[in-house]
Structures are given as structure tokens and as C-alpha cells.
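Below, each chain spelled out in residue letters.
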Amino acid sequence: MSLAHPSNYGERFPIDIHGNTVTNDYIVVLHETVGSASSALNTFATNHPNDNDQVSYHTLIGLDGTIHYVVPPEQRAFGAGNSSFQSTFGEEAVFTNAEFPSSVNNFAYHISLETPPDGQNNNYATHSGYTEAQYQSLAWLLARTTVPNERITTHKAVDRSGSRSDPRSFDSQRLVNLLNQYPSRAGL
């Protein structure tokens, strides 16, 4: 376990800043580290008292498939700032802090894949994609949830700023094929 510093995560709010009850179903947001797993884990373990610097994922999957648990699932990780999820119910986001735009963090489970060495530092030209071990671990992890496939998304898809493109070189069909091997995913 590689727990984040408490400044990099918080409580999930039952009520938003306007007094509305939060009823969103959970989503999974897939990310990538951009650097090495150890660099990301060190960042999460560092105290960030400034709200603008706080960042975390619930889990991080290394190139060798190792799953690092970073933030307990019942807590709110800070993985997607200005964000929303488009569902059959419309745009979903929750205002939890008057100083920041609404986001999906309150109802998201954030999973990051370690970026391959050839794709680090946002190198798009040579990003080779993720390892078989990472896809296997990701499918295993997701098979233990009740989050339906249509509520598994990417950082790029939820980002409203247009500045996020992760996870780059992600093969969503490969993940779906692996997920379909788990009986627990039937009907989700």
C-alpha cells in the first residue's frame, strides 16, 4: 500500500455546496501517470497544503501489473479538476468547493496506469501503450466493482478544460474483452 498524504484526498460529500443531496452513481475514471509510478507515488505522499496542488488517484497500476492502493475507495481522490461525466441522465458533476469548478471527484474512482518510458513527459510520438500485465490487473480490479461498463471513462472524456488526453494509446476494446472473461461482469 502506498497511501497518499491526507492533504491529497478528502471525504466524499453527501450534500453539495448548494445543499442538494448527492445521488450520483459511481464512475471509474482511467488516467495515466505521464512519468514513472514511483514519481507519481512520491507526489501523492507529499503534503500539498495549497488546494491547487492537491492530486491523487485511488489506485495506480505499474508497468508490471502491480496495483498500488493510494486512496481508500470510500474517500474522494483529487484526480479530475474541472470535469463532468456525460450519462443517460445528462451532465453529471458535483460542486464541493466554492473556489473550484464542479467535478466528478465526489463520485469517481480514479485508476491510473503507469506511462511506458517512451511516452513519459507527454511524448505523444512514441507512446507505445500499456502492458498486458496492466490490462490484466485493470480488468481484475474492475471485475471486483459493480460499476457498469458504460460508467467506465477516461480523464480525457471527463475533462472540461480540453487539456487532458490521458490515458493515451488506451485500447478500450482490449479492456472490454478482458472484463467479459469475468462472470461477475455479466449484466453490468
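Caption draft 1: Quick peek at helix α1 (residues 37-45). All of the buried residues in α1 are A37, A40, L41 and F44. Down the axis of α1, the buried set is contained in an arc of 100°. They therefore lie on one face.

Caption draft 2: Representation of helix α4 (residues 172-179) in the model. Within α4, burial applies to L175, L178 and L179. Buried positions in α4, seen along its axis, are confined to an arc of 100° and lie on one side of it. In this fold, the buried residues of α4 make contact with β2 (27-32), α2 (132-143) and β9 (152-154). The opening residue of α4, the one whose side-chain oxygen lies 3.3 Å from the backbone nitrogen of Q173, is D171.

Caption draft 3: Layout of the packing of aromatic side chains. Throughout the structure, instances matching the rule amount to four aromatic pairs. Between Y130 and Y135, the ring centres sit 6.4 Å apart and the planes meet at 70°, which makes this aromatic pair edge-to-face. Y135 shares its class with Y130; the two are buried. Among the aromatic residues, those joined into a ring-pair cluster are Y130, Y135 and F170.

Caption draft 4: Here's a closer look at the layout of surface pockets. Of the volumes computed, that of the largest pocket is approximately 1000 Å³. If you trace the largest pocket, you find 41 residues lining it, with Q54, V55, F78, G79 and G81 closest to the centre. At the level of secondary structure, the elements contributing two or more residues to the lining of the largest pocket comprise β2 and α1. Each residue belonging to the lining of the largest pocket can be placed in one class, and the counts come to twelve nonpolar, 22 polar and seven charged.

Caption draft 5: Representation of the environment of R185. Among the structural elements, R185 can be located in the segment after α4. We classify R185 as buried; its relative accessible area is 5%. For the pair R185 and N149, spaced 36 residues apart in the sequence, the C-alpha separation amounts to 8.6 Å. When residues no more than four places from it in sequence are discounted, the contact partners of R185 are L142, A143, T145, V147, P148, N149, I152 and L179.

Caption draft 6: Broad picture of the pattern of salt bridges. Evaluated as defined, the whole model comprises four salt bridges. Put simply, R160 and E91 hold a salt bridge, and the shortest N to O gap is 3.8 Å. Of the two residues, R160 sits in the loop between α3 (155-158) and α4 while E91 sits in strand β7 (residues 90-92), which places them 69 residues apart along the sequence. The exposure class of R160 is partly exposed, given its relative accessible area of 36%. Classification of E91 by relative accessible area gives exposed; the value is 52%. Among the ionic pairs, E92 bridges to R151, the shortest N-O distance being 2.9 Å. On the criterion of sequence distance, the pair formed by E92 in strand β7 and R151 in the loop between α2 and β9 is long-range, its members being 59 residues apart.

Analysis parameters
- Residues numbered from 1 in each chain as written.
- Predicted model: local features only at pLDDT ≥ 70, side-chain atom pairs only at ≥ 80, totals over all residues.
- Heavy atoms only, no water.
- Buried < 20%, exposed > 50% of the residue type's maximum accessible area, 1.4 Å probe, protein only.
- Helix = DSSP H or I, 4+ residues; strand = E, 2+ residues; numbered from the N terminus.
- Arc of directions from axis to C-beta.
- Contact = heavy atoms within 4.5 Å.
- Polar contact = N/O pair within 3.5 Å; in protein donor to acceptor, adjacent residues only side chain to side chain.
- Phe/Tyr/Trp six-rings, centres within 6.5 Å; stacked < 30°, edge-to-face > 60°.
- 1 Å grid on protein atoms, 1.4 Å probe; cavity = no way out; pocket = protein on both sides within 12 Å on 5 of 7 lines; lining within 4 Å.
- Points joined across faces, edges and corners; volume = space filled by probe spheres on them.
- Nonpolar A, V, L, I, M, F, W, Y, C, P; charged D, E, K, R; others polar.
- Salt bridge = Lys/Arg side-chain N within 4 Å of Asp/Glu carboxyl O.

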